[in-house]
Structure formats: C-alpha cells, structure tokens
Amino acid sequence: MLPKKTRICLALLAGAFLTAGAAFAQQDSNKALLDLLVKKGVLTTDDVASLQKELAAQQPPATQAAPAPGAPEAQPAVIAPGGGPAYSGAASGGVPVVTGPGSTSPLSFRIGIANFTPFGFIDFTGVYRNEATGSAIGTTFNAIPYANGSTGQLSETKFSAQNSRVGLRVDSTVNDTKVLGYLETDFLGNAPTNLGVTSNSDTLRMRVYFADLKHGPWEFLAGQDWSLLTPNRRGISPMPPDIFYSNDMDTNYQLGLTWARQPQVRVTFHATDEFTMALSLENPDQYVGTAVVLPAAFTATEVDTGAATSQPNIFPDVIGKMAFDTKAVNDLPWHFELSGLVSSYKINTYSAAINTDATAEGTGVQGAVDLELVKGLSFVGTGFYSYGGGRYLFGSGPDFIVKAPDSTGAYGIGLVKATSAILGLEYVAVPQDTVSAYWSTANFGQRYNKLATGTYVGYGYPGSANSNNKSIEEFSLANTYTFWKNPSYGALQLIAQVSHIERTPWFVAAGQPGNANANMVWLDLRYVLP
C-alpha cells in the first residue's frame, strides 16, 4: 500500500479526471480509470466512495454554460402574435402561444448563442362548393365553372390536412446586429394525380425561408418571403403575422389580394418608430397565363403560359414601399402604406430575315390601410392599379399579350390593365372570437390584334373564350373561435368561412350564360403548438 500522502495526491488527480469527465459526459472512461487504480492498489474502494461523495457535494446546480469572454449574447426569441387576430385563417404562421414581452415558447431551446423555436399547427379542413371547381382546399378564382357544363352541375366536398404547418425560427444577436432565420412549410406542394386514391401522401413544400439582419435603423433580408407588394398590417415587417392576407380559411386567401411568395433581396430603413421605407428586388416572371392566344409562329417558351418553371426574364421585379403607423387617433393603431411595382419584359423575333427584340416595362401602384376604428373593430382596405401586374393577382389575368407581327415581321408586347380592391371589417367580438367580412374585386382589360385572316390574338377580343375574364368578385364571411389558449399546451380553434364568387367574361356567345358563380363553405379544426 502506498503512503497516505501519495494516495491523496493520486486521489485528487483521479478527482480532477472525474470532474473533467463530468463536464464532458465521459463517465464510462472515468469509471474505467478508477477501477484500474483500485485494481493496482493505488486506491481502496472506500477512497473512491469517499471521493465521489465529496465531489457530488461540491457540484453546483446545473446551469446553462456562460458564453465565452467577448462572445455575443443571444437574445430570447420573443414571438408576438401580431397582425390582427392571432392564429386566424389559412394564412396564419402558427406562431407559438406566448404571453407578454420576453415570453418564449416552451418548445424553445438554445444551441450556442442562438435560440431555436419550433412552431406550427395541425389542421383538419373540410370544404364544400356547389360547383366542381377542380380546386383543392384553395380556390382557383379565375376558373369557376359555368352552368352550361357538367362541372357547373356537380358539387364537391373535400377533407384535407394539407394546410398543417411546420416551421422553425432562429434568433440571435451578433455584436449589435439582430439575426433572424425563419422557415415555414406546409403540405400543399405539387401532388401526384392519384393522390386521393389510397395514401393521401400530401407533399411538403417551402412557403418562406429567409434570413433577416437588423442593425440600428437598417434591416436586410435575403431568401423567400411574401412579396413586398403584399399589404402589411403594421410597418414593413417580413413576418407573416404582420402581413395582411385576410382571416379567410381559403388557402388562396381573398380574391383581389396582391401577393406572391418568392425569392428576393430586400433592404428596409426604419426612419422613425412611425415611418418606414423599403426596396425589394424579387424573382420575375413573364406571365401571360393560359387564356391569352399567342401568334401561331411565336416561340411560346419565351413567356410563362402556366406550363413552365423558367422563362428568359431580363431583370428582377423592383418593388418599393412606404408605410406610416400612428396611434394619434384615440390611441388606436392606424396603418397606411403606398407601394410601387416595376416589371421588365422582353421577347425576341428570330428568323432568316429578322432578329430583333421587343421590350416593355410594366408598372403598378397600390395603397392599403389597416385602421382600428374603435377598440376591437378594424377596417382594412387595399387598392391596386397596374399595366402589367396581373400575375400578382394570383395569376387571374395576364401581364401582357404578344402582339401580331408588324410589317417587318417583328412581334411586340402589349401590356394588359389589371386592377383590384378589397374592403373589409374585422371585429374581435370577445377575446376568443373574431368575425371578419370582406368584399373584393379583380378586373382585367382587353388587349388584342386582328389578323388579316379575320382571327385574333391577345386577350378579351370579340369571340374570345369565356376564360378571358373581365371581372371577378367575391364576398366572404369568416369566423375564428378559440376554445382555449395556454402557453403550456397551445390553442384549439374552430375556423369557418362562407364565400360567394362570381366571374364575368369579356365575350358571351349567344345562348351562353353571362357569368359563372359558386358558393363555398369551409370548416377547419386547428391545434396550434405551444
């Protein structure tokens, strides 16, 4: 047996190994070392037991590791419901149920200097339409069937969990810069044609996925998010709860809404607490849709007819926005905004005799307000006017047509007028119940050429198909009732919507119906993650 002092020194050395092992969770290696020391007679079993007891008594309570000296501290992921009635309608991002400033979801966890917050909801949706639109739980507004066909005589009923949402938010602070990463997905992706036969294996898709940096009054975003043209409820925030897309359950929202979710680079300047400006470069798309008749010899792949994923776009869409938020009237929030759109289009005429380009600039302007008139009652309104902005109205009309060749054989671009408006009231009747009513319209102009043969190319010409819409209108009532909501176990909601939609074509043949209309009902049961 070794002298006692030597044994104590070796015991302290073993203790150091044991402590380090605890820090790195290497208990198996530490036990092997102690067993070896006992086997060699360096320590007795009583020495080991006594040493372990002393170390256990000295261990402080488990705490979160302090950041390294000079390392930036992560800020807690504060998630505010925001943007009108929380968790309402198809557009809700399923933001965690939290209470008060500084609160975090119980699902939040920390890795390094970043806080990770999973969020989402589980939806069970049922929809009934008195006409067979061929849509899923989202409505294709520009294709409501006419009564003079089988689809106009049949109704449709669908159940779906596709609108269920899964997302992740990551928050941190690096030096003086707030860093946000945001991912949101649902199951409304491209589906196989036999989806409903057996498995109903709905496809996961990316809704938004972006990084956002905020330093002082400046904010920079890159990734896929809602277009800057989409109206905000407050400021110019990129976060889904701060964007207006109605409280409807329809996953294509309200007719007439200007929106897209697309890749973009955005810079925002928060001049004051009330005044904000932003500029965004966003993914372009030379959209003509399926209703436009193109010249027979034109290369259709130069434009998006709704059947391609890539076109030869020449420049990103440029979108600017200014927003003003105030509580000057009865200390209630009032939001005003003005947006502008510029889109660039280009086509080419190529043959043995000619090689020339045609270009055009589409432009649009939009104004929007969100005004709380009295406590709990808000008025929302949007107005959009454009030449070449049809695709931002859910592709319900074309951006432009391709003109018939001129005397030199060159094709040209003819911009199509597109306008829309939404008027709505949203009323928080009681804390757990929100009632919303919206009226909206989308309108598209005529643009066409008559050929020498007497036929036409373009949109809305005499004798055009009844898919050439002149106007579409929708009226919707929606209600969101929250059975319970708690930061510990989430929220349970029932969402209902009733809508009537009507579309009118530019040309109505003799004996044919002058418009198409449909009545629709949605019921949705939603569980929101805590």
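Remember, it's a predicted structure, so these values are computed and weren't measured experimentally. (Residues numbered from 1 in each chain as written. Predicted model: local features only at pLDDT ≥ 70, side-chain atom pairs only at ≥ 80, totals over all residues. Heavy atoms only, no water.)

S.K.: Help me understand the overall build of the chain, please; the structure alone is not making it clear to me.
M.R.: Scanning the chain for helices and strands turns up three helices and 22 strands. Within the chain, buried positions represent 46% of all 530 residues. In the chain, once contacts between residues fewer than 6 apart in sequence are set aside, the share between residues at least 24 apart is 65%. Taken as a whole, the chain presents about 24900 Å² of accessible surface, with 61% of it coming from carbon and sulfur. (Helix = DSSP H or I, 4+ residues; strand = E, 2+ residues; numbered from the N terminus. Buried < 20%, exposed > 50% of the residue type's maximum accessible area, 1.4 Å probe, protein only. Contact = heavy atoms within 4.5 Å. Areas by Shrake-Rupley, 256 points an atom, 1.4 Å probe, with all protein chains shown as cover.)

S.K.: What is the right way to look at the environment of Gln 366 in this model?
M.R.: Among the secondary structure elements, Gln 366 is positioned in strand E12 (residues 355-374). Distance from Gln 366 to Leu 341, taken between C-alpha atoms, is 8.5 Å for residues 25 residues apart in sequence. Discounting residues that sit within four places of it in the chain, Gln 366 has contacts with Leu 229, Pro 231, Thr 258, Glu 337, Leu 338, Ser 339, Gly 383 and Phe 384. A distance of 2.8 Å separates a polar atom in the side chain of Gln 366 from the backbone oxygen of Leu 229. (Polar contact = N/O pair within 3.5 Å; in protein donor to acceptor, adjacent residues only side chain to side chain.)

S.K.: In this structure, what is going on with the confidence of the model for the chain? I would like to understand it.
M.R.: When pLDDT drops low, the exact placement of atoms in the prediction is not to be read closely. Per-residue pLDDT for the chain averages 87, and the proportion of residues at 70 or more is 82%. For the stretch residues 4-28, pLDDT sits under 50, and the model shows 24 contacts to residues farther than four places along the chain or on other chains. This stretch, residues 61-87, has a pLDDT under 50; its non-local contacts, to residues over four places away or in other chains, come to 58 contacts. (pLDDT = per-residue confidence, 0-100.)

S.K.: Where do I start with the side chain of Glu 337 in this structure?
M.R.: As for its position among the elements, Glu 337 is in strand E11 (residues 334-350). There is a polar contact of 3.2 Å between the side chain of Glu 337 and the side chain of Lys 321. Glu 337 has contacts with Thr 230, Pro 231, Asn 232, Lys 321, Met 322, Ala 323, Gln 366, Gly 367 and Ala 368, leaving out every residue within four places of it along the chain.

S.K.: What exactly am I supposed to notice about the side chain of Glu 426 here?
M.R.: In this fold, Glu 426 is placed in strand E16 (residues 417-430). A polar contact of 2.9 Å, which involves the side chain of Glu 426, links it to the side chain of Arg 233. Reaching out from Glu 426, the side chain makes a polar contact with the side chain of Asn 247 at a distance of 3.4 Å.

S.K.: How should the pattern of salt bridges be read in this particular structure?
M.R.: Side chains that differ in sign of charge can pair as their charged atoms come close. In the structure shown here, the tally under the stated rule is 15 salt bridges. The shortest N-O distance in the salt bridge between Arg 165 and Glu 184 comes to 3.4 Å. Of the two residues, Arg 165 sits in strand E4 (residues 165-174) while Glu 184 sits in strand E5 (residues 177-186), which places them 19 residues apart along the sequence. For the residue pair Arg 165 and Glu 184, the accessibility class agrees, reading buried in each case. Here Asp 242 and Arg 234 are joined by a salt bridge, their closest N and O atoms 2.9 Å apart. With a relative accessible area of 14%, Asp 242 lands in the buried category. Taken together, the shared-partner salt bridges in this structure form one network comprising Arg 165, Glu 184, Asp 186, Arg 205 and Arg 207. (Salt bridge = Lys/Arg side-chain N within 4 Å of Asp/Glu carboxyl O.)

S.K.: Can you help me understand the packing of aromatic side chains in this one?
M.R.: We describe a pair of aromatic rings using the distance from one ring centre to the other and the angle between the two ring planes. This structure, assessed with the given rule, holds 23 aromatic pairs. A ring pair is formed by Tyr 182 and Phe 210, whose centres lie 5.6 Å apart and whose planes are at 20°; its orientation type is stacked. Of this pair, Tyr 182 sits in strand E5 while Phe 210 sits in strand E6 (residues 205-215), and the two are 28 residues apart along the sequence. Residue Phe 210 is classed as buried on the basis of its relative accessible area, which comes to 4%. Judged by centre distance (6.1 Å) and plane angle (75°), the rings of Tyr 385 and Tyr 387 are edge-to-face. Tyr 387 gets classed as partly exposed once you look at its relative accessible area, which sits at 36%. Taken together, Phe 141, Trp 226, Tyr 245, Tyr 253, Trp 259 and Phe 394 form an aromatic cluster joined through their ring pairs. Directly above the aromatic system of Trp 226 lies the positively charged group of Arg 261, at a separation of 4.9 Å from the ring centroid. Geometry around Tyr 392 places Arg 391 over its ring, the cationic atom sitting 4.4 Å from the centre. (Phe/Tyr/Trp six-rings, centres within 6.5 Å; stacked < 30°, edge-to-face > 60°. Lys NZ or Arg CZ within 6 Å of the ring centre and 35° of its normal.)

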